[in-house]
Amino acid sequence: MPARTGKEFLRGLRGPREIWVDGERVIDVVDHPKLRGAAQALAQVFDLQHAHATTCLMPDPETAEPIAVSHMIPRSRDDLVRRGRALREVAEYSVGLMGRTPDYMNVTYAGFAGRPDEWGAHGNEAGAERLVAYQKFLRRNDISLTHTIVQPTVDKASGDAPGPGNPQALRKVGDTAHGIVVRGARVLATLAPFADELAVYPAAPLPTGADDYALSFCIPMGAPGLKFLCRDSVSSSPNLFDHPLSARFDEQDAFVIFDDVEVPRDRLFIDCNLASYNSVMTTSWPANIQQQTMIRASVKLDFAWGLALRMAGAINAADPETMRMIGEIWAYAELTRATVAAAEAEAREWPSGLWTPAGPPLHALRGMLPLWFPRVTEILRLIGSHNLFATPTAAQMADQDLRSLIDRYLPGAKGMSAEERVRIFRLAWDFAGSALAGRNEQYERFYLGSSQRNLSRHLTFTDRSRADRLVDRFLKEPY
Ligand SMILES: Cc1cc2nc3c(=O)[nH]c(=O)nc-3n(C[C@H](O)[C@H](O)[C@H](O)COP(=O)(O)OP(=O)(O)OC[C@H]3O[C@@H](n4cnc5c(N)ncnc54)[C@H](O)[C@@H]3O)c2cc1C
C-alpha cells in the first residue's frame, strides 16, 4: 500500500485496542470527544503528504510506490536536505505543537534500518535482518507508530535502568512457539491512541545481569494484554475560534502496561542481548532523530516570534522592554534555524552508508531548548498580561447585542478590529497558558531527557580536541 490518505489512517485506528481516557475504556478513538480533534488533525497530516507530494513523497526504492520522504534512508547530504524539507512541511501543520507526528518514528526506523552493521553486531544478525524487513513493512504500509523507551521511575536512587529482578520494568518472562512473552511497564507513549503499532527500543544502558530487560520489538496496538493509560486530556471543545490549538493538537501521552504480551519472533529485534541493547543507540541515532525534533522546534519558535509581534501590535506595545523580549524569542528561533542548517551542512556518513546531520550542533541545541521554551512562554504571558483574558468567546461574539459592544470597547490599536484582537490573544493563551500549553511545556523540558542530563553528558557527544588545543597553547608554552 502506498502512502496513506487521512481517511485510510482513520480507518486503521478503528481496530481493537485497550486505551483508557479519564476512567473510560475508549471503544472508538476516532469519534471520542477527547480524541476526535487530534485524530482529525493527524488525518490532515496524512492528507498533507499528498497535497504536497513533490516535497513529502518519494518512490519506494524497491517497489517504486509513493512513500513518505520521512521513511527515506538518507544516502547523501542532499537526501538529508530533502528530508528536512518534508519534515518542515509536517511540522508547520501543527506549528510544531505535535512532537510525535508519525514522521518522528519514520525517521527513527529509517535510521535503524540504515545501520544493519550496528544492529547486527554482538551476534544479533537475525534481529537486524528482522528490523530491516520491519522498516520495509512500516514504509510500505505507512504505519503510524508510537514508542516507549523509558523504564518506570520507582526509586531514583537505584539509577535509570532496572537491575536484575526489578518487578516493574519491562522484561521477558517466557518463550512461546512463535516468539516471547513480555511483562512490565514503560513510559510514556505519546501518540498512543493514534498509532497502529507500538515500538520498544533501548534508552538508558542496562547493568550487568539485566539481560531479560534487553529487548527491542514492535507490536500492533491491539496485541492482547497491552494497556494504555492516557494522561488527563488537554483537548478542548472543537470551536476553532475559542481554542485554535487545543481543539486539535492534543497528541496524548500514555503509561504502557504489558500484562503478559506475546511478541511474535518476526517483530523481535533484540532478544535479551545486553551488548546489543547497550550499543545500538549510541552512535547515529541521536543525530538522525534530532533532525526531526529540531526542525519541529524551529517551526514552533518562528511561530512564537510571529505571535509575539502580533500581540504587541494589537496593543501597540512598542516600548524597549517589549521589543527586547520579542527579540529574545527571535534570537532563539534564529539560533535554532541556524543550528539545523549547520548540522545538515556538516552531515556525515556512517560505515553502512547512512548519512545523518552532524551530532554536536544538535546536541547543544537539545541542551538549551528545555530552557528556552519555558522562557518563551513566560515572555508571551508578560506581553499579554490581562489582555489574555479580555477575550470573548465565539458564542459571545455571535450575540448581536454583545457584538456591537465588543466592537466598540475591545478594538486593537491603530484601527485593528475587535475580532482580530480577540483572535490574537485567544491564540496566545492557547499557546502559552492553556492546559495544552502546560503539557507542551513539560514536553519541551523532557522529551529527549532533561537539559541538565543532556548538558552534563555533553562530552559523550562531542570532540574536545579543538578546545583543548586553544587552552594548551597557554598551559604548555615555556615561561
Ligand atoms: C510530555 C512527555 C512526552 C513524552 N513522550 C515520550 C514518548 O513518546 N516515548 C518515550 O519513550 N518517552 C516519552 N517521554 C518520557 C521522556 O523520555 C522522559 O521523561 C525523559 O527521558 C526524561 O525522564 P527522566 O525522569 O529520566 O528525567 P531526568 O533527566 O532524570 O530529569 C528529571 C529531573 O532530574 C534532574 N536531573 C536528572 N539528572 C540529573 C543530574 N545528573 N544532575 C542533576 N539533576 C538531574 C533534572 O534536572 C530534572 O529536574 C515523554 C515525557 C514527557 C514529559
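Computed from a predicted structure; not experimentally measured. Numbering of residues starts from 1 in each chain and follows the order in which that chain's sequence is written. Local features in this predicted model are restricted to residues of pLDDT 70 or higher, and side-chain atom pairs are both shown and tallied only at a pLDDT of 80 or more, whereas totals for entire chains, interfaces and linings draw on every residue.

Q: Can you help me understand the domain arrangement of the protein chain in this one?
A: Each domain's extent was defined by an automatic or database domain assignment. Once the domains are mapped, the protein chain shows domain 1 (6–277) and domain 2 (285–466). The centre of domain 1, based on its C-alpha atoms, is set 25 Å off from the matching centre of domain 2. Helix and strand assignments follow DSSP, with helices taken as H or I runs no shorter than four residues and strands as E runs no shorter than two, numbered in order from the N terminus. Elements supplying a minimum of two residues to the side of domain 1 that touches domain 2: helix H4 (77–93), helix H5 (103–113) and helix H6 (116–119). Top element by residues in the side of domain 1 that touches domain 2 is H4. It accounts for 10 residues. Taken together, the residues of the side of domain 1 that touches domain 2 sort by class into 16 nonpolar, 10 polar and 11 charged. Here the term charged refers only to Asp, Glu, Lys and Arg, the term nonpolar to Ala, Val, Leu, Ile, Met, Phe, Trp, Tyr, Cys and Pro, and the term polar to all other amino acids, Gly among them.

Q: Hey, could you run me through the site of the ligand in this one?
A: Around the ligand, a shell composed of 20 residues is seen, among which Thr-190, Tyr-443, Ser-450, Gln-452 and Arg-453 lie nearest. Breaking the shell around the ligand down by element, the ones donating at least two residues are strand S7 (179–190), helix H15 (435–446) and helix H16 (451–456). Here the shell around the ligand gets four residues from one element, more than from any other, and that element is S7. Here the shell around the ligand spans two domains, since at least three of its residues come from each of domain 1 (6–277) and domain 2 (285–466). All residues are tested the same way: a C-beta atom is placed from the backbone, and lying within 6 Å of a molecule or strand makes the residue near it.

Q: Help me understand the environment of Glu-344, please; the structure alone is not making it clear to me.
A: Mapping Glu-344 onto the fold places it in helix H10 (residues 320–345). Residue class for Glu-344 comes out buried when judged on the 22 C-beta atoms lying within 10 Å of it. Linking Glu-344 and Trp-355, residues 11 residues apart in sequence, is a C-alpha distance of 9.8 Å. Whether a residue is buried, exposed or partly exposed is read from the other C-beta atoms within 10 Å of its own C-beta, which are placed from the backbone; 20 or more gives buried, 12 or fewer gives exposed, and intermediate counts give partly exposed.

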